[in-house]
Amino acid sequence: MAKLILSMDNLVLKEIPLNKERTTLGRKAHNDIQIDNLAVSGEHAVIVSILNDSFLEDLNSTNGTFVNGQQIKKHFLQNNDVIELGKYRLKYINEAPQHATQADFEKTMVLRPDMLRKPAEPAAAKPPTAASPPAAPPAAAPQPPLGAVQILTGSNAGRQLELTKSLTTLGRPGVQVAVIARRPIGYFLTHVEGARYPLVNGAAIHTQAHELKDHDVIELAGVKMEFFLKG
């Protein structure tokens, strides 16, 4: 499990395991990691952890969030990265293999029509002939079905996006962003950014990852889309 080592002036204050989907950082008491310092905003940043990957996002803080000396808005955390909040340092420790990349987190598929495609027309079945080769035997162990989303509203209505990556980011930066994680047991939707949580079948998903079922309707950043499993 990944963890953070909180320090100030080279003095280690405590270790914090990243055992939640969302870990908030800020000066206010309701944050998961509270840093009572005026240089830290009330709600300064958030870390989203999915499988072995963690993503840091600045929540429009007054003084900014820095990683390894560089100011960031969104950042895919890697082992030994140092997050800087004022005089405080949070060293990210994660020795487990990571699956995603910075690009996976930065892309917002809903607003990228080039990443979407129209549903393919079903191919007409060919009648069997005497010369047709025998059908191949079925695979010994069927693979989990591939998931996809189809846009239901807006200018991209009817377009589809196959969820082939370990993480697919959806939404509108600065408004509402969520991540769909592809896990061995299924697909899970996690809220990343925005004052409102995404809706699944009309109900908000809140802070924990929400397992998606076939034909669930997701509403995110004003766009409705249907999640479905491909045969």
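Quick note: structure is the one above.
Attention in this report is confined to the structure presented alongside it.

The rules behind these values
- Residues numbered from 1 in each chain as written.
- Predicted model: local features only at pLDDT ≥ 70, side-chain atom pairs only at ≥ 80, totals over all residues.
- Heavy atoms only, no water.
- Pairing = 2+ DSSP bridges.
- Helix = DSSP H or I, 4+ residues; strand = E, 2+ residues; numbered from the N terminus.
- Axes fitted to C-alpha atoms, helices over the stretch in contact; angles between N-to-C directions.
- 1 Å grid on protein atoms, 1.4 Å probe; cavity = no way out; pocket = protein on both sides within 12 Å on 5 of 7 lines; lining within 4 Å.
- Points joined across faces, edges and corners; volume = space filled by probe spheres on them.
- Nonpolar A, V, L, I, M, F, W, Y, C, P; charged D, E, K, R; others polar.
- Salt bridge = Lys/Arg side-chain N within 4 Å of Asp/Glu carboxyl O.
- Buried < 20%, exposed > 50% of the residue type's maximum accessible area, 1.4 Å probe, protein only.
- Phe/Tyr/Trp six-rings, centres within 6.5 Å; stacked < 30°, edge-to-face > 60°.
- Core = buried A, V, L, I, M, F, W, Y, C linked by side-chain atoms within 4.5 Å.
- Contact = heavy atoms within 4.5 Å.

**So, the sheet that holds strand 8 (residues 70-72)**
Strand order in the open sheet formed by 6 strands is 2-1-11-10-7-8, with antiparallel pairing between adjacent strands. Both edges of this open sheet fall to strand 2 (11-17) and strand 8, since each of them pairs with a single strand only. The average undirected angle you get between the axes of adjacent strands in this sheet is 30°. Where strand 1 (residues 3-8) meets strand 2, 6 bridges bridge the pair, whose relative direction is antiparallel. Counted as the bridge partner of K3 is P17 from strand 2.

**What to know about the layout of surface pockets**
Its volume calculated, the largest pocket comes out at about 460 Å³. Where the lining of the largest pocket is concerned, the elements lending two or more residues are strand 3 (22-26), strand 6 (53-58) and strand 16 (186-193). Here the lining of the largest pocket is built from residues that sort into 7 nonpolar, 10 polar and 8 charged.

**A short note on the pattern of salt bridges**
This model, assessed by the stated rule, comprises 5 salt bridges. Taking the shortest distance from any N to any O, the salt bridge between K20 and D32 comes out at 2.6 Å. Of this pair, K20 sits in the loop between strand 2 and strand 3 while D32 sits in the loop between strand 3 and strand 4 (33-34); the two residues are 12 residues apart in sequence, bridging distant segments of the chain. The class of K20 is partly exposed, set by a relative accessible area of 35%. Note that K213 is salt-bridged to E211, the shortest N-O span being 3.6 Å. Look at K213 and you get partly exposed, because its relative accessible area is 47%.

**Focus on the sheet that holds strand 6**
Taken together, 5 strands build an open sheet; the order of strands is 4-3-5-6-9 and the sheet is mixed. Of all strands in the sheet, those with a lone pairing partner are strand 4 and strand 9 (74-76), marking the two edges. Relative to strand 4, strand 3 runs parallel, the two being bridged by 2 bridges. The partner of L25 across the bridge, within strand 4, is I33.

**Points about the packing of aromatic side chains**
Given two aromatic rings, their pairing is described by the distance between the two centres and the angle made by the two planes. By the definition in use, this model includes 2 aromatic pairs. Seen in terms of ring centroids, Y187 and F227 are 5.5 Å apart; in terms of plane orientation they differ by 55°. Their pairing is tilted. Residue Y187 is located in strand 16, and its partner F227 is located in strand 21 (residues 223-229); the two are separated by 40 residues in the primary sequence. Exposure class is identical for Y187 and F227. Each is buried.

**What to know about the nonpolar core**
If you look at soluble globular proteins, the nonpolar side chains tend to sit buried side by side. If you look at the biggest cluster of nonpolar residues, it comprises 20 residues, and the most contacted ones within it are L4, I35, I47, L56, I83 and L90. At 3 residues, the largest contribution of residues to this core is made by strand 11 (residues 88-93). When neighbours within four sequence positions are excluded, L90 is seen to be in contact with L4, I5, L6, I16, L25, I35, D81, V82, I83 and L85. I151, I205, V223 and F227 belong to the second largest nonpolar core, which has 18 residues in total.

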